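Chain residues, written in single-letter form:
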Amino acid sequence: MSEQNERIRKDMDMTTDTKPTVGFIGLGSMGAGMTRNLQRAGFPLVVNDLRPESATELVARGALWADSAAQVAAASDLVITMLPTPRHVADAVSGPGGVLEGMADGGTWIDMSTSVPEVADAVRASTASRGIRILDAPVSGMSVGAASGMLQIFIGGESDDVERLRPVFEAMGDPERILHVGPHGAGYAVKLMINQLWFSHLVATAEVLAVGVKAGVDLGVLRDALVASPANSNFVERDVLSILENGDYDEGFALALACKDLGLSIDLARSVGVSVELSALVEQVFRRARNLHGDRAGEMTPFRLYEDMLGTPLRLARVEEVAAR
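Residues numbered from 1 in each chain as written. Predicted model: local features only at pLDDT ≥ 70, side-chain atom pairs only at ≥ 80, totals over all residues. Heavy atoms only, no water.

Let us now look at the overall build of the chain. Per the secondary structure count, the chain includes 18 helices and nine strands. Relative to the compact-globule value of 20 Å for 325 residues, the chain shows a C-alpha radius of gyration of 22 Å, a close match. Overall, the chain is about 70 × 50 × 35 Å in size when its C-alpha atoms are taken along their principal axes. The buried share of the chain, reckoned over its 325 residues, is 52%. Across the chain, contacts joining residues at least 24 apart in sequence account for 69% of those joining residues at least 6 apart. Carbon and sulfur atoms make up 55% of the accessible area of the chain, which amounts to about 15,300 Å² in all. Side chains of the chain give 29 positive and 43 negative charges; the mean places of these two sets differ by 3 Å. (Helix = DSSP H or I, 4+ residues; strand = E, 2+ residues; numbered from the N terminus. Rg over C-alpha atoms; globule rule 2.2 N^0.38 Å. Buried < 20%, exposed > 50% of the residue type's maximum accessible area, 1.4 Å probe, protein only. Contact = heavy atoms within 4.5 Å. Areas by Shrake-Rupley, 256 points an atom, 1.4 Å probe, with all protein chains shown as cover. Lys, Arg positive; Asp, Glu negative; His and termini not counted. Charge placed at Lys NZ, Arg CZ, Asp CG, Glu CD.)

This part is about the pattern of salt bridges. Side chains that differ in charge, positive against negative, can pair when their charged atoms come close. Tallied over the entire structure, the rule returns 15 salt bridges. Residue R61 pairs with E57 through a salt bridge whose shortest N-O separation is 3.8 Å. Of the residues examined, R61 reaches a relative accessible area of 46% and is grouped as partly exposed. Where D224 meets R223, a salt bridge forms, and the shortest distance between an N and an O atom there is 3.9 Å. We classify D224 as partly exposed; its relative accessible area is 48%. (Salt bridge = Lys/Arg side-chain N within 4 Å of Asp/Glu carboxyl O.)

Before going further, it helps to examine helix α16 (residues 277-293). The terminal C-alpha atoms of α16, which comprises 17 residues, lie 25 Å apart, in line with the 24 Å expected from a rise of 1.5 Å per residue. Buried residues of α16: S279, V282, E283, V285, F286 and A289, and no others. Down the axis of α16, the smallest arc covering the buried residues is 160°, so these residues share one side. Counted as exposed and oriented over 90 degrees from the buried face of α16: E277, L281, Q284, N291 and L292. Against the buried residues of α16 lie α11 (186-214), α15 (255-271) and α17 (302-310). Looking one or two residues beyond α16, the residue adopting positive phi is G294, at roughly 95°. (Expected span 1.5 Å × (residues − 1). Arc of directions from axis to C-beta.)

This part covers the confidence of the model for the chain. Scored by pLDDT, the chain comes out at a mean of 93, with 93% of its residues at no less than 70. Taken together, the stretch residues 7-16 has pLDDT below 50 and engages in 16 contacts with residues farther than four places along the chain or on a different chain. (pLDDT = per-residue confidence, 0-100.)

Looking down a regular strand, the side chains alternate between one sheet face and the other. Neither face of strand β1 (residues 22-25) is open: one carries V22 and F24, the other G23 and I25, and all of them are buried. Across four bridges, the pairing between β1 and strand β2 (residues 45-48) is parallel. Residue V22 lies in a different strand from β2, and its bridge partner there is L45. In terms of handedness, the path from β1 via helix α2 (residues 29-40) over to β2 forms a crossover that is right-handed. Relative to strand β4 (residues 78-81), β1 runs parallel, the two sharing four bridges. (Pairing = 2+ DSSP bridges. Right-handed = clockwise from strand over helix to strand, strands pointing away.)

Of the two faces of β2, the one carrying L45 and V47 and the one carrying V46 and N48 are both buried. The sheet contact formed by β2 and strand β3 (residues 64-65) spans two bridges and is parallel. Paired with V47 across the bridge in β3 is W65.

Attention now moves to the side chain of E283. Topologically, E283 is positioned in helix α16. Residue E283 is classed as buried on the basis of its relative accessible area, which comes to 15%. Those residues in contact with E283, other than ones at most four positions away along the chain, are L262, G263 and I266.

This part covers unusual backbone geometry. Even without a glycine there, the phi angle at M142 is positive, about 60°. By the element assignment, M142 lies in helix α8 (residues 142-148). A relative accessible area of 31% means that M142 is categorised as partly exposed. Phi is positive for D250, which is not a glycine, with a value near 60°. Classification of D250 by relative accessible area gives buried; the value is 12%.

Written out as structure tokens, the structure reads:
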């Protein structure tokens, strides 16, 4: 064990907290909120990210920094990865200096990234003799849910592991929406399908509102009619309000990542032999928005394509504006 690992272990032994030490790799817009909630719940943390500055507040509150994923694993009872792409996950876990180099036999790895089963399957195959426990547990709820500790979590893996680790999940998510959805890989599949349907709702809602407004219907009246109809959805009733009320296209989740997720869901469909023509069209709309507005634009930016066609933003009149008429 390296000198740094020995130091981290020594520091951890000084705590009287009986909760397991959680290693967390990936402190981006999602991981930042998740780790803060783990810390608030009393879990000792060992953290790592490509950007050391992202750990400053966590370290100030008692978390320990490790210089590599291997060092995170060596100093932790379980390791969580929350990373942008399957390639990042594979590199962090199986690459040089990765989790597998530092993790003891019988350790636990939870991947909470939006990824694909192949990465975790490869790790399981390569560590079959080591007894490492692996769960895929991607999340929904965006950065707001990560910050508030109210994420939905979709877990694939053995039921005994799910129950053993439930206190860890409950520190980050809504206890009522932490779901064991099936065997290994099921969590990844459920998350990709949720994303695909949500992105489809976004494009369909933008089209409907744009056409209705262009046809002369008041935006508020049109939306109220949709909410009262069989065509209502959580997106129409709630999510779209961030745009219609505040012009917020959710820059907390980059459009480049949304396009990545769409590509993964199309790949999953292809791998299981299901044709997804509608999903492919939605992916094209998102990629067009990315080409126009850039990688860092918010995930709801495709809505702007329809506003551009109208020549005006789609915004609900504020109460005070209505009263003044």
